[in-house]
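Coordinate analysis (summary)
Here are the chains, one letter per residue:
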Amino acid sequence: MTQESADHLWLSGNEALALGAFEAGVKVASGYPGTPSTEILENLTKYQGPYTEWAPNEKTGLETAIGAAFAGGRALATMKHVGLNVAADPLFTLSYTGVRAGLVIINADDPGMHSSQNEQDNRNYAYAAKIPMLEPSDPAEARDFVKLAFELSEEFDTPVLVRTTTRLAHVKGMVKRGEVVTPPLTPNIEKMAAKFVMLPANARVRREVMAKRQDRLRNLAEDFAPNRTEWGTKKRGFITSGVSYLYTKEVFPEASFLKLGLVYPLPEKLIKDFAAEVDELFIIEELDPFLETRIKAMGIKCTGKEKIPAIGELSPDIIRQALGEQAKPGFEPLSLPMRPPNMCPGCPHRGLFYNLNRLKVFVSGDIGCYTLGFLPPLSAMDSCVCMGASIGIAHGMDKALGDSGRGRVVSVIGDSTFFHSGITGLTNIVYNKGNSTVIILDNRITGMTGHQPNPASGRTLQGETAHEVDIAGLCRALGVEHVQVVNPQHLKETKEALVEALEFDGPSVVITRYPCALLPAEKKRLKIPFTIEPTKCTGCTSCLRLGCPAISWQAVSPAEGAALGFKEKQKGYARISEMCNGCGLCAQVCKFDAIVKEDKAI
Amino acid sequence: MKGGIIFCGVGGQGILLASEITAFALMATGFTVKKSEVHGMAQRGGSVVAHLRYGQEVYAPLIGQGAADFILSLEKMETARYLNFMHEQTQIVASTHQIAPPAVAMGQAAYPVDILEQIRDKGLALLSIDSFAIARELGEVRAANVVLVGALSTFLPVTEETFIEVMKSKLPARILDLNLRAFAAGRQEAA
């Protein structure tokens, strides 16, 4: 079946995961946006029935899911791989309590770091927290496996992890619609203190329960349909899972495969039986030797990471070459200027980073669109580790540097990231008599992941009006005495506010408030674009140093320059394209009044 | 029959819509299709690429080196970024529209204006189209992507009617007419 119909849908992996959750009768779903997981909750929100929400962070999201499951409603938590680090605290103990109604955690790994700060392999969490993990290969399996995960969760009284990667989350394929099931439980309060109260005496009992559950899961794995043997020629056998299965099947369609749908715990007998039948056994997996280590520990001879890279994504070509086959050559690449992502024209972050560059401070950065402030010509980010880290790092530097660091370090953090995990860092600064300047970039939205509302946006994931947290008031309530709100589109005012905050004795917060240029209201706002009068432009390149995609350098020949009345040494002029959104930063930095408003609005 | 199409350009140019229309047209013709997209940090004005594979049976969603049968490029220079995916019979449909990458905008690097000639010199079949100008003439530069889909459609094992049916069923009414005209203009360019 290849065509879309009432029963067959063309879906991305994330859309299919949402469909699976809907069909499983999920009651409550919570998560925090993060590529490549974001679209799961956004798509689940389109269905009637499930309650969905953006939580301030993944830990809160998972805890919400735990509450729903304890109350007897099927629950889903979604997050990207680094989000599971944040949610790891409840995760490990949730494994002890188990669930009442099914609880599934969809975790999206990002091998190759398309949009992440690391490429940790979260299969290791399944092992560490003793939680079963399913790994689908394509959108059709994504739907199936989520439904199956809810069944396993209830049958084995355990949370279940579903692992996706970028090449499943954002791959589209055909998915067959299934039955919408009615979960066995109806939400109600049932006190089960021995199971839900994890103090040592209860936890020790639950630890034994977990061990028995692990044994039962290992037995299940031996005879579990998603662990599928596909016999071909027996010269080469492959044990693989997820998207690696598809890549390997593409290259060696004639070989034998043991495709694991359940990647933890592993079916030892099934693996041994498969290994015994094939001449040469290969383990094909992205990132860590997770399967390989365990299979080798079973005493089975196999080839894995000695040939298959442990760094970055795999691809059919990489697998082909690793196993000694020639890939098609393709044409030699030409040398081209790189095209990295950039802040949009009119982006409210640009003016701030322009100022920070000029102030020559150490910028302790964070995760969001504004991480692009690292790139030239703004070049104003000096560290970036994880969500919320900017504030703690600035504080640590302050304490290490003492007086020599005074006024020389700032932290920058977006509004959504501040709610995610910045508030505790700021509390620490106040409590422990720090002296840092924290800049909160309040653009009213979670930008990088595609405009998910956050606690300061004034609306929910479901589109309802919500309370707008007053960030300035919150900072003051924590005890920050110097809190100032500025419009970052005004360069001079912003610079003055930054200097004042840096000079302030004690913790200081500057909130740069201006909506993301891509928000619908901002896009609709009447804008008057700017233009450059070539005869007035001296070619000083000040405006180019804003790094605005709408401004570019136009080189001229000596004759053209003479015709424009340029001095002999002027080699060109700057110009503004139709991408201009009228923010006016360039007119503010031009010392020669060469940048003027166009005569019509757009 | 199996094939692979690379859709490339700059974030925000409409690569996803171009690849979606093509995917649906191939599926309506009876092919199995898989498509891999780029979201998140890779957008925001950066280089963007989507892989589309079709055939009776398709496993991997990624096209291998030297295995793209078609390239649809929405930006001139971006076409050359994917040369390693091309083989001797690859058919390229490329826009002549130029968007300066940051180093060029800063005046630190030159835009390789003859890049399409360099690609042709390798013996590759390349149809270049001023999709931006055509779309502007139609009244909306954002339809440049569908102009290129129109041109690409003439090389694919899919009928013109199938593409038109797909657009009628998938595109919102307010942009349908514009896109049908853009598609027709693109086919005209390839004729």
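Residues numbered from 1 in each chain as written. Chains lettered and ligands numbered in written order. Predicted model: local features only at pLDDT ≥ 70, side-chain atom pairs only at ≥ 80, totals over all residues. Heavy atoms only, no water.

Okay, the packing of aromatic side chains next. Residue and element names in this part refer to chain A. Under the counting rule described, the total for this entry stands at 16 aromatic pairs over all chains. Judged by centre distance (5.3 Å) and plane angle (25 degrees), the ring pair of W231 and F274 falls under stacked. One end of the pair, W231, is in the loop between β9 (228–230) and β10 (233–240); the other, F274, is in helix α12 (residues 268–277), and 43 residues separate them in sequence. By relative accessible area, which is 1% here, F274 ends up buried. The structure contains a cluster of three or more aromatic residues connected by ring pairs, namely F238, Y245, F252, F257 and F282. When the ring centre of Y127 is taken as origin, the NZ or CZ atom of R294, which lies over that ring, is 4.7 Å away. (Phe/Tyr/Trp six-rings, centres within 6.5 Å; stacked < 30°, edge-to-face > 60°. Helix = DSSP H or I, 4+ residues; strand = E, 2+ residues; numbered from the N terminus. Buried < 20%, exposed > 50% of the residue type's maximum accessible area, 1.4 Å probe, protein only. Lys NZ or Arg CZ within 6 Å of the ring centre and 35° of its normal.)

The next thing to look at is helix α19 (residues 471–478) of chain A. Residue and element names in this part refer to chain A. Considered for burial, the residues of α19 that qualify are I471, A472 and C475. The arc that holds the buried residues of α19, viewed along the axis, is 100 degrees, so those residues lie on one side. At its buried positions, α19 is contacted by α17 (415–421), α18 (423–431), β16 (437–442), β17 (482–486) and β18 (508–513). Taking the backbone nitrogen of A472 as reference, a side-chain oxygen 3.2 Å away marks D470 as the first, capping residue of α19. Where α19 ends, the next residue or the one after it, G479, has phi of about 115 degrees, a positive value. (Arc of directions from axis to C-beta. Contact = heavy atoms within 4.5 Å. Polar contact = N/O pair within 3.5 Å; in protein donor to acceptor, adjacent residues only side chain to side chain.)

Our next topic: the pairing of strand β5 (residues 103–109) of chain A. Residues and elements named next belong to chain A. The buried fraction of β5 is high, at seven of seven residues. Both strand β4 (residues 75–80) and β5 contribute to a ladder of six bridges, which runs parallel. Note on β5: the bridge partner recorded for A77 is I105. As paired elements, β5 and strand β7 (residues 160–165) share six bridges and run parallel to each other. When the sheet's bridge partners are listed, N107 is paired in β7 with R163. (Pairing = 2+ DSSP bridges.)

Attention now goes to the sheet that holds strand β1 (residues 8–12) of chain A. Read across the open sheet, the eight strands follow the order β1(A)-β8(A)-β2(B)-β3(B)-β1(B)-β4(B)-β5(B)-β6(B); overall the sheet is mixed. Edge strands, defined here as strands with exactly one partner in the open sheet, are β1 of chain A together with β6 (125–129) of chain B. On average, each strand axis in the sheet is tilted by 20 degrees relative to the strand beside it, whichever way the strands run. (Axes fitted to C-alpha atoms, helices over the stretch in contact; angles between N-to-C directions.)

Opposite the 52 residues of chain A that make contact, chain B presents 60 residues. Around 4,800 Å² of area is buried between chain A and chain B when both sides are counted, 60% of it from carbon and sulfur atoms. Per-residue buried area on chain A facing chain B is highest for A:W10, A:F331 and A:R339; these three make up 20% of the total on that side. Linking chain A with chain B are eight salt bridges. Measuring nitrogen to oxygen at the nearest pair gives 3.7 Å for the salt bridge that ties B:K2 to A:E250. Residue composition of the side of chain A that touches chain B, by class: 26 nonpolar, 13 polar and 13 charged. Bridge count for strand β8 (residues 171–176) of chain A against strand β2 (residues 32–36) of chain B is two bridges, and the pairing is antiparallel. Note on β2(B): the bridge partner recorded for A:V171 is B:S36. (Buried area = accessible area lost by both parts, 1.4 Å probe. Salt bridge = Lys/Arg side-chain N within 4 Å of Asp/Glu carboxyl O. Nonpolar A, V, L, I, M, F, W, Y, C, P; charged D, E, K, R; others polar.)

Residues and elements named next belong to chain A. Applying the stated criterion across every chain yields a total of 49 salt bridges over all chains. Among the salt bridges present, the one from K147 reaches E23, with a minimum N-O distance of 3.2 Å. Highlighted residues: K147 in helix α7 (residues 139–156) and E23 in helix α1 (residues 13–23), separated in sequence by 124 residues. Residue class for K147 comes out buried when judged on its relative accessible area of 13%. Taking the shortest distance from any N to any O, the salt bridge between K536 and E533 comes out at 3.7 Å. Classification of K536 as partly exposed rests on a relative accessible area of 38%. Overlapping salt bridges, with partners in common, bring together D109, D121, R123, E135, R163 and E285 in one network.

Quick look at the nonpolar core now. In globular proteins that are soluble, nonpolar side chains generally tend to be buried together. Ranked by size, the top nonpolar core spans 69 residues in total, and within it B:I5, B:I6, B:F7, B:V33 and B:Y54 carry the most contacts. Top contributing element to this core by residue count: helix α1 (residues 15–28) of chain B, with eight residues. When residues no more than four places from it in sequence are discounted, the contact partners of B:I5 are B:T22, B:L26, B:A50, B:H51, B:L52, B:Y54, B:I63, B:F70, B:L152 and B:L156. A:L372, A:F419, A:A456 and A:C586 belong to the second largest nonpolar core, which has 65 residues in total. (Core = buried A, V, L, I, M, F, W, Y, C linked by side-chain atoms within 4.5 Å.)

All names here are of chain B. Mapped onto the elements of the fold, V146 is located in helix α5 (residues 144–153). Taking the relative accessible area as the measure of exposure, V146 reaches 0% and is therefore buried. Placed 124 residues apart in sequence, V146 and T22 show a C-alpha to C-alpha distance of 9.9 Å. Sequence-distant contacts of V146, that is, excluding residues within four places in its chain, are made with L17, I21, M167, N179, A182 and F183.

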